[in-house]
Amino acid sequence: MKSFFHVQDIGDLGKALEEAKQVKATPFAWKSLGENRTIMLVFFNSSLRTRLSSQKAALNLGMNPIVLNIGQDSWKLETEMGVVMDGDKSEHLREAIPVMTSYCDIIGIRSFAGLTDREYDYNETVLRQFLEYGGKPVISLESATVHPCQAFADLITIEEYKKKSRPKVVMTWAPHPKALPQAVPNSFAEWMNAADVDFVITHPEGYELDPKFAGKARVEYDQMKALEGADFVYAKNWSCPGVTDPSGYGQILSKDMGWTVDDRHMAVTNNAYFMHCLPVRRNMIVSDSVIDAPTSLVIPEAANREVSAQVVMKRMLESL
Ligand code: CP
């Protein structure tokens, strides 16, 4: 595996889920695979789960992880080509990438969407430069448009908790005070479309995801109707993807607190499990009562980030 951005990169989903089970049961069974191998984890943005789960997964495989926080541990990096570098950015990605990859065998990148230039974000301009100039396998640790390690962990969690072979999974938009990227909902939609689930997306009008990710998913604008009979409720905020109105890209179109997932919403489900990738704003995205209920999967879901990361790194090590 040379890159991990999309669900297609993992190949057969059934096999990947089986491998995840094995990795979870015996995390240290491949300790020699990563011997004398180094993974560099590069963060342009903050992280708790991705940083820790990636380091832990690398250590389970016997690899040496190096974590670099751009702008804190390193020089500030310029990411756009052709600019006169007379500002506060001292080094260009064009040099920094081959330097970083000269010290490692695999590289993981966290680089969020800027949410101002849709074309720049949806072309994955930063991630693509790592592919082009790095020459090493690249993992998206949440880039401008995708968060595949999260979506894989979400699928592993659904597989573990599902009570029927084809559960109903509803991804619902929920309010947030800040404009957030679409990477998590994009990847969740992409992975659910590839999995054997009845997948529904619900959001206020204007929040339609890019068709490349929404695919065949059913979109229901009435949140309560969408949630009826759900087995899993996946809450997430995202800003305007700019599909129906490109000028709205990255903007907040609604702060309707009626969309906050609370007991009223969960009451119409099939005693659904609640999921969220975290970090979560309590009583904005979800009520305390729902996230604190025994049906909340937010902690097992976060724990499975170690498993998804380890499967991906294992596959990459095996193909070096
Ligand atoms: N879910 C997730 O990616 O968490 P972090 O942003 O803390 O890494």
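In this report, the structure presented in the accompanying data block is examined. Small disclaimer: the values here were computed from a predicted structure and weren't measured.

A word on the nonpolar core
Counting 57 residues, the largest nonpolar core has F4, I10, I139, F152 and F199 as the members making the most contacts within it. Top contributing element to this core by residue count: helix 12 (residues 298-318), with seven residues. Residue contacts for F4: discarding those within four places in its chain leaves D9, I10, V138, I139, S140, P148, C149, F152, W191, V312 and M316. If you look at the next biggest cluster of nonpolar residues, it comprises 24 residues, including L77, M100, L115 and L127.

A few points about the packing of helix 3 (residues 93-101) against helix 5 (residues 125-134)
Where helix 3 contacts helix 5, the two axes come as close as 9 Å, and the packing angle between them is 60°. Taken together, the axes of helix 3 and helix 5 are oblique relative to one another. Relative to helix 5, the crossing made by helix 3 is right-handed. The residues of helix 5 that touch helix 3, namely those facing L93, R94, I97, P98, M100 and T101, are V126, Q129, F130, Y133 and G134. For the contact of helix 3 with helix 5, the per-class residue count stands at seven nonpolar, three polar and one charged.

So, the site of the ligand
Taken together, S47, L48, R49, T50, R110, H147, Q150, C277, L278 and R305 make up the full set of residues near the ligand. Contact between the ligand and C277: a nitrogen atom at 3.0 Å from a main-chain N or O atom of the residue. Here the ligand, which alone exposes 260 Å², has 93% of that area covered by the protein. Structurally, the ligand is housed in the largest pocket. Class assignment of the residues belonging to the shell around the ligand gives a composition of three nonpolar, four polar and three charged.

So, the layout of surface pockets
Taken as a whole, the largest pocket holds about 560 Å³ of empty space. Lining the largest pocket are 28 residues, with F112, E142, L180, L278 and P279 positioned closest to its centre. Those elements that place two or more of their residues in the lining of the largest pocket are helix 2 (49-60) and helix 7 (183-194). Taken together, the residues of the lining of the largest pocket sort by class into twelve nonpolar, nine polar and seven charged. The volume enclosed by the second largest pocket comes to roughly 470 Å³. Contributing elements (two or more residues each) for the lining of the second largest pocket: strand 4 (77-78), helix 4 (118-122) and helix 5. At three residues, the largest contribution of residues to the lining of the second largest pocket is made by helix 5. Class assignment for the residues of the lining of the second largest pocket results in nine nonpolar, seven polar and seven charged.

Focus on the sheet that holds strand 3 (residues 64-69)
Pairing is parallel across the open sheet formed by five strands, whose spatial order is 1-7-6-2-3. The open sheet has two free edges, formed respectively by strand 1 (3-4) and strand 3, since each of these has just one partner strand. Direction of pairing for strand 2 (residues 38-43) relative to strand 6 (residues 106-110): parallel, over a ladder of five bridges. Within the sheet, the bridge partner assigned to I39 lies in strand 6 and is I106. Taken strand by strand, helix 2 contacts strand 2, strand 3 and strand 6, and its axis lies near 160° from that of strand 3.

Comments concerning unusual backbone geometry
A cis geometry characterises the amide bond from L278 onward to P279, with omega recorded as 0°. When you line up the elements, P279 lands in the loop between strand 12 (273-275) and helix 11 (288-291). The residue N283 is not glycine, and still its phi comes out positive at about 65°. Examined against the element boundaries, N283 turns out to sit in the loop between strand 12 and helix 11.

Points about the environment of V243
Note on placement: V243 falls in the loop between strand 11 (232-236) and helix 10 (263-266). In contact with V243, not counting residues within four places along its chain, are R118, E208, L209, D210 and P211.

Quick notes on the rules
Residues numbered from 1 in each chain as written. Predicted model: local features only at pLDDT ≥ 70, side-chain atom pairs only at ≥ 80, totals over all residues. Heavy atoms only, no water. Core = buried A, V, L, I, M, F, W, Y, C linked by side-chain atoms within 4.5 Å. Buried < 20%, exposed > 50% of the residue type's maximum accessible area, 1.4 Å probe, protein only. Helix = DSSP H or I, 4+ residues; strand = E, 2+ residues; numbered from the N terminus. Contact = heavy atoms within 4.5 Å. Axes fitted to C-alpha atoms, helices over the stretch in contact; angles between N-to-C directions. Parallel < 35°, antiparallel > 145°, perpendicular 65-115°, else oblique. Left-handed = near helix turned anticlockwise from the far one by under 90°. Nonpolar A, V, L, I, M, F, W, Y, C, P; charged D, E, K, R; others polar. Near = heavy atom within 4 Å. Polar contact = N/O pair within 3.5 Å; in protein donor to acceptor, adjacent residues only side chain to side chain. Areas by Shrake-Rupley, 256 points an atom, 1.4 Å probe, with all protein chains shown as cover. 1 Å grid on protein atoms, 1.4 Å probe; cavity = no way out; pocket = protein on both sides within 12 Å on 5 of 7 lines; lining within 4 Å. Sits in = over half its atoms within 2 Å of the grid points. Points joined across faces, edges and corners; volume = space filled by probe spheres on them. Pairing = 2+ DSSP bridges.

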